[in-house]
Amino acid sequence: MPKDHGIGASSKRREDVRFLTGRGRYTDDINLRGQAYACFVRSQVAHGRLNGVNTADAEAMPGVIRVFTGADFEGIGGLPCGWQVTDRHGEVMQEPGHPVLAQGKVRHVGDPIAVVVAETYDQARDAAEAVVIDIEELEPVLDMKAALEDGAPKVHDDLTSNLCYDWGFVEENREAVNKAFETAHHVTTLELVNQRLVPNAMEPRVAIGDFDPGTEDSTLYTTSQNPHVIRLLMGAFVLGIPEHKLRVVAPDVGGGFGSKIFHYAEEAFCTFAAKQLKRPVKWTCSRSESFITDAHGRDHVTKIELALDAEGHFQAIRTETYANMGAYLSTFAPSVPTWLHGTLMAGNYKTPLIYVNVKAVFTNTVPVDAYRGAGRPEATFQLERVIDKAAREMGIDPVELRRKNFITQFPYATPVAVEYDTGDYNATLDKLLEIADVSGFESRLAESKARGKLRGLGINCYIEACGIAPSHLVGQLGARAGLYESATVRVNATGGLVVMTGSHSHGQGHETSFAQVVADMIGIDENMVEIVHGDTANTPMGMGTYGSRSLAVGGSAMVRATEKIIAKAKKIAAHLMEASPDDIELKDGAFTVAGTDKSVAWGDVTLAAYVPHNYPLEEIEPGLEETAFYDPNNFTYPAGAYACEVEVDPETGKVTIERFAAADDFGNIVNPMIVDGQVHGGIAQGIGQALLEGAAYDEYGQLLSGSYMDYAMPRADDVPFYTVDHSCQTPCTHNPLGVKGCGEAGAIGSPPAVVNAVVDALQRAGHTGVTHIDMPLTPSRVWSAMQG
Amino acid sequence: MYAFDFERPTTLDEAVAALGTEEAQALGGGQTLIPTLKQRLAGPAKLVSLTGIAELRGVCIADDGAVCIGGATPHAVVAAEAAAHYPALAALAGNIGDPAVRNRGTIGGSLANNDPSACYPAAALGSGAMIRTNIRDIAADDYFQGMFTTALEEGEIITEVRFPVPQKAAYVKFEQPASRFALTGVFVAKYADGVRVAVTGASEEGVFRWSEAEAALSSDFSAGAIAGLAVDAENMIGDLHGSPEYRAHLVKVLTGRAVTAAG
Ligand SMILES: Cc1cc2nc3c(=O)[nH]c(=O)nc-3n(C[C@H](O)[C@H](O)[C@H](O)COP(=O)(O)OP(=O)(O)OC[C@H]3O[C@@H](n4cnc5c(N)ncnc54)[C@H](O)[C@@H]3O)c2cc1C
């Protein structure tokens with residue numbers, strides 16, 4: 001029987017009432033009295049020397065309050081980077097400045113140069129056109145390998161080159177790995193591109209700065225996944241506002257996918273300008289502006305080699321990746337191709353020797369940072385593609401080759417610095433073969449053939465490191481932040497609860513699933529629990545939502561705080577029933593004394609806490625409110641197996657996804673319906689990457705795919721009905737809920753499944769020379785591959 | 001958008017007069033023009049909406065059997081009302097953009113704009129349609145003059161498009177994945193006096209007729225008739241979505257499919 005409430009129930013998403021009836025309150029819905037509007041003047045060239053900005057004409061235009069330029073930000077901090085990578089030689093990465101408004105140079109199309117603040121947005125936009133910019137165009141740096149050649153133009157004149165870092169992982173393994181390749185029975189090599197993606201959250205970014213001259217308090221309303229992180233970064237590193245004088249509010253947020261983790265120039269600008277002008281300043285990003293200002297994702301160029309013995313056992317993996325940083329280091333950019341990528345290169349397999357080399361490169365493009373999966377999709381894609389290729393080369397069934405190398409003993413310490421706590425990769429693979437009806441593939445293949453279509457089947461596994469992250473570990477790895485999470489549980493006198501969490505929901509359904517957890521622990525109705533998030537003024541310092549961390553880390557903090565509540569409530573109940581606290585039991589919202597029929601209701605105890613007439617005041621304080629901070633001692637390791645079946649039109653190269661199945665092990669599940677939805681969305685995003693999406697620059701550094709006319713997002717008819725299953729559960733061993741996280745899995749596991757399937761279809765049709773096609777697998781690319 | 005004046009006349013004469021003023025521009029459904037204005041890529045002083053003029057809207061059948069579509073008729077109306085008379089044309093209109101685009105966008109706007117990837121130009125050229133304006137009739141063969149270029153003069157209004165109805169016809173559109181305009185689209189129509197094949201989306205020169213295929217299909221209206229033909233990739237569009245060679249290949253594939261679909 002599926003549960004109808006509490007942990008394990010598919011409770012309907014309570015937030016959907018407001019989202020689906022147009023009552024969400026997004027940042028752009030906020031309008032403050034006396035608000036002025038900002039319009040950014042942005043670089044239209046990829047690389048140039050900024051010789052002058054003349055604002056005189058613009059200042060004289062109707063409604064203009066002030067025009068800001070880089071000169072206004074001299075002496076003010078730049079946007080900080082939250083992660084410092086140490087390279088192969090023990091040197092720290094090259095870290096360029098990142099001014100709020102360009103100083104001296106522009107480094108990508110979209111780089112902000114000036115801002116007009118005016119009474120209306122149209123006035124600001126009119127005046128923005130009147131700002132005269134004198135730019136001497138420089139040769140743009142676009143190709144990563146060319147960027148590293150001697151004599152290449154430099155994105156940052158004050159750095160020694162365009163190389164951010166040359167990272168080796170694990171550097172001590174380098175020689176041993178090279179040796180293993182010299183003696184290997186078989187080596188499979190694959191070169192591939194994990195293309196640049198534009199995040200395209202449904203809600204574009206918005207920032208409103210506000211300043212109260214009476215109290216000297218600043219407030220920023222922003223589209224953020226982590227308001228406390230923004231408060232810390234912007235307050236401490238950019239504007240010098242102490243946290244107690246700065247409030248950051250991220251109300252309803254319409255999707256982030258990583259792109260709203262980072263601290264952006266527009267946030268700092270609006271907060272700064274509001275203080276200067278003593279008026280609220282609002283900026284709303286247009287979709288065209290999002291394309292050239294939201295941090296992009298992926299953009300890796302990789303060579304991976306897999307060494308195998310004669311039976312197909314993996315002996316060693318060696319990779320060389322060029323990772324595009326773009327023009328500046330976005331907040332967490334350096335961590336993505338390193339600690340979120342290199343540590344996952346073992347995948348689900350026992351490979352004794354692994355060496356990962358990553359060269360991070362500056363180019364005159366939009367900065368690149370974490371995007372759904374962040375590093376883990378890149379790791380999974382190359383690994384699962386090279387395994388498929390090896391299977392074909394060695395004549396081993398690709399499923400068998402994977403099984404042969406599966407890790408089966410847990411905990412398992414990989415050669416790339418992480419320890420998997422639990423998993424059962426055979427179980428998810430078995431489940432996958434069943435739900436994908438793999439045994440029926442041959443007959444579907446015959447049926448496709450009869451219609452003149454090619455058909456292929458792609459299967460792969462994936463693992464990810466989620467529940468980000470153990471602070472002690474990430475601190476050693478270069479994080480400049482802790483990655484715990486927090487929760488305050490406030491019980492009201494009449495028994496209802498408000499849970500204030502540092503996690504942030506921007507589509508994930510926290511208000512529903514978090515309430516399920518707390519209600520379940522106490523045994524009360526979910527509707528008695530309210531979840532509050534997104535405002536630094538009323539939530540404890542938390543690190544926000546990304547990296548599939550909210551339930552595993554934020555939920556664990558909630559559990560710890562609720563445990564404290566229950567412990568205290570038991571003391572109160574014991575006093576009321578004149579019993580020992582040790583004998584008190586809490587079940588279904590009532591406290592009982594073991595072995596007696598004595599009982600007090602939850603509400604009696606909560607009332608006593610706030611009306612302490614009959615109360616052990618000498619032993620405990622009145623009130624019922626507790627806070628907990630939870631810092632995990634390991635990552636969590638969701639894993640699973642995905643299968644994709646495609647049809648390819650041999651005449652046009654068009655790929656259609658006919659079937660898609662996902663068997664995931666997320667550990668324990670709080671709300672199966674929400675988990676289904678997270679997986680569905682992730683797979684759609686992965687299919688988008690595999691078949692449709694791709695940011696392309698021309699030779700001048702102009703974004704060719706700068707709008708939906710050329711950047712193809714997946715639509716409903718691009719994706720099939722999915723078969724998803726999460727019944728294989730090996731609970732996480734180190735968090736109190738036993739949960740692993742499910743937000744990114746779909747986007748990590750699906751791209752290789754699609755590409756494996758297309759290559760399989762082509763191979764079966766006799767195109768034996770086609771061993772790989774780079775994403776997105778557009779009809780044109782697939783057709784070209786078939787032409788040989 | 002820059003500020004502009006707006007007029008919504010109810011007669012053609014008023015519209016012609018309004019368009020006679022400095023920097024006035026016709027507005028059909030606005031599906032192309034409004035996004036251009038929003039991006040500030042155009043700044044007309046005045047927009048003259050044609051959608052309030054009853055005589056420019058609707059579908060009717062002429063005495064000679066031609067399907068006549070008012071210049072300000074939205075795609076959705078064509079999809080519904082031309083279906084019984086010219087199914088291939090109605091199907092083409094019914095597959096442009098999404099419902100919002102089809103309920104606003106007009107045939108006159110599409111033909112005036114002559115986007116190299118638009119669908120209607122293929123139907124007009126493939127049907128040998130007559131484009132009627134407030135001052136003259138223009139044969140489709142004379143009307144299309146390259147990407148975004150037509151025979152229309154400043155201020156000239158498309159009032160009607162007359163499509164002779166073929167014995168058989170079909171339009172096959174291969175969608176560009178992002179915009180879902182035609183990456184390449186082929187309109188094939190078989191008339192008593194021969195076959196016309198019009199190709200959109202493929203050429204740097206905009207919509208064009210593939211005369212070799214027309215000749216082959218006029219003597220044998222079957223997909224096999226064009227098997228021996230090849231399309232030259234020279235002058236084909238090459239972009240993110242497909243190389244010139246790919247487009248040249250698609251022209252042939254889609255022509256064959258259109259012939260098969262026409263039956
Ligand atoms: C999301 C989207 C998807 C689309 N998909 C497709 C597609 O798949 N296939 C396709 O073919 N098209 C597509 N379109 C374009 C659509 O068909 C437009 O409606 C059409 O191109 C322009 O028609 P309109 O009436 O909106 O013209 P407007 O945008 O109003 O005007 C366009 C131009 O034509 C001029 N004009 C308008 N009416 C007349 C007239 N009667 N006489 C003379 N000049 C006139 C205007 O002055 C302007 O220069 C799409 C558009 C959108 C927004």
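A quick note: this is a predicted structure, and the numbers were derived from the prediction, not measured. (Residues numbered from 1 in each chain as written. Chains lettered and ligands numbered in written order. Predicted model: local features only at pLDDT ≥ 70, side-chain atom pairs only at ≥ 80, totals over all residues. Heavy atoms only, no water.)

Asker: Would you explain the overall build of chain B in this entry?
Answerer: Check the secondary structure of chain B and you find ten helices and twelve strands. Computed over the C-alpha atoms, the radius of gyration of chain B is 18 Å, within 12% of the 18 Å expected from 2.2 N^0.38 for a compact globule of 263 residues. C-alpha extents for chain B along the principal axes are approximately 55 × 45 × 30 Å. Sorting the 263 residues of chain B into buried and exposed places 53% on the buried side. Once local pairs closer than 6 in sequence are excluded, the contacts in chain B between residues at least 24 apart make up 57%. Entry remark: accessible area of chain B is about 10800 Å², with carbon and sulfur atoms responsible for 50%. The average position of the 19 basic charges and that of the 30 acidic charges among the side chains of chain B differ by 8 Å. (Helix = DSSP H or I, 4+ residues; strand = E, 2+ residues; numbered from the N terminus. Rg over C-alpha atoms; globule rule 2.2 N^0.38 Å. Buried < 20%, exposed > 50% of the residue type's maximum accessible area, 1.4 Å probe, protein only. Contact = heavy atoms within 4.5 Å. Areas by Shrake-Rupley, 256 points an atom, 1.4 Å probe, with all protein chains shown as cover. Lys, Arg positive; Asp, Glu negative; His and termini not counted. Charge placed at Lys NZ, Arg CZ, Asp CG, Glu CD.)

Asker: Would you mind going over the site of the ligand with me for this structure?
Answerer: All names here are of chain B. Of all residues adjacent to the ligand, which total 29 residues, the nearest are A26, G29, G30, L33 and T106. Between Q31 and the ligand, the recorded distance is 2.8 Å, taken from a backbone N or O atom to an oxygen atom. In this structure, G97 approaches the ligand through a main-chain N or O atom, which is 3.3 Å from a nitrogen atom. Computed on the free molecule, the ligand has an accessible area of 970 Å², of which 89% lies beneath the protein chains in the complex. (Near = heavy atom within 4 Å. Polar contact = N/O pair within 3.5 Å; in protein donor to acceptor, adjacent residues only side chain to side chain.)

Asker: What exactly am I supposed to notice about the UniProt feature "domain: Aldehyde oxidase/xanthine dehydrogenase a/b hammerhead" (unreviewed entry) in chain A here?
Answerer: According to UniProt, the "domain: Aldehyde oxidase/xanthine dehydrogenase a/b hammerhead" (unreviewed entry) feature falls on residues 21–139 of chain A. As a span, residues 21–139 of chain A carries 10% helix and 29% strand, and end to end its C-alpha atoms are 50 Å apart. (UniProt positions renumbered as here; feature names shortened; annotations may be inferred.)

Asker: Can you help me understand the domain arrangement of chain B in this one?
Answerer: Often the size quoted for an interface is simply the accessible area lost on bringing the parts together. All names here are of chain B. Taken domain by domain, chain B consists of domain 1 (5–49), domain 2 (56–163) and domain 3 (168–262). The partner domain 2 presents eleven residues to the eight residues of domain 1 that form the contact. Three residues stand out in domain 1 for area buried against domain 2, namely L12, G29 and Q31, and they jointly supply 55% of the buried area on that side. At the junction of domain 1 and domain 2, the tally comes to zero salt bridges. Run the count over domain 1 and domain 2 and you get zero residue pairs in polar contact (both at pLDDT 80 or more). (Domains from an automatic or database assignment. Buried area = accessible area lost by both parts, 1.4 Å probe. Salt bridge = Lys/Arg side-chain N within 4 Å of Asp/Glu carboxyl O.)

Asker: I'm lost on empty space enclosed by the protein in this one. Help?
Answerer: Over the atoms, a rolling probe the size of a water molecule traces out where space has been left empty. All names here are of chain A. Applying the stated criterion across every chain, the model contains three cavities of 30 Å³ or more. Taken together, 24 residues form the lining of the largest cavity, with L79, H98, Y264, T293 and P367 sitting closest to its centre. Elements that contribute at least two residues to the lining of the largest cavity include exactly α7 (265–277) and α8 (287–293). When its residues are assigned to classes, the lining of the largest cavity shows 13 nonpolar, seven polar and four charged. Taken as a whole, the second largest cavity encloses approximately 60 Å³ of empty space. What lines the second largest cavity is simply R298, H300, A323, N324, M325, A333, V336, P337, V368, D369 and E378. Breaking the lining of the second largest cavity down by element, the ones donating at least two residues are β13 (297–308) and β14 (314–326). For the lining of the second largest cavity, the element with the most residues is β14, which contributes three residues. Of the residues belonging to the lining of the second largest cavity, the class tally is six nonpolar, two polar and three charged. (1 Å grid on protein atoms, 1.4 Å probe; cavity = no way out; pocket = protein on both sides within 12 Å on 5 of 7 lines; lining within 4 Å. Points joined across faces, edges and corners; volume = space filled by probe spheres on them. Nonpolar A, V, L, I, M, F, W, Y, C, P; charged D, E, K, R; others polar.)

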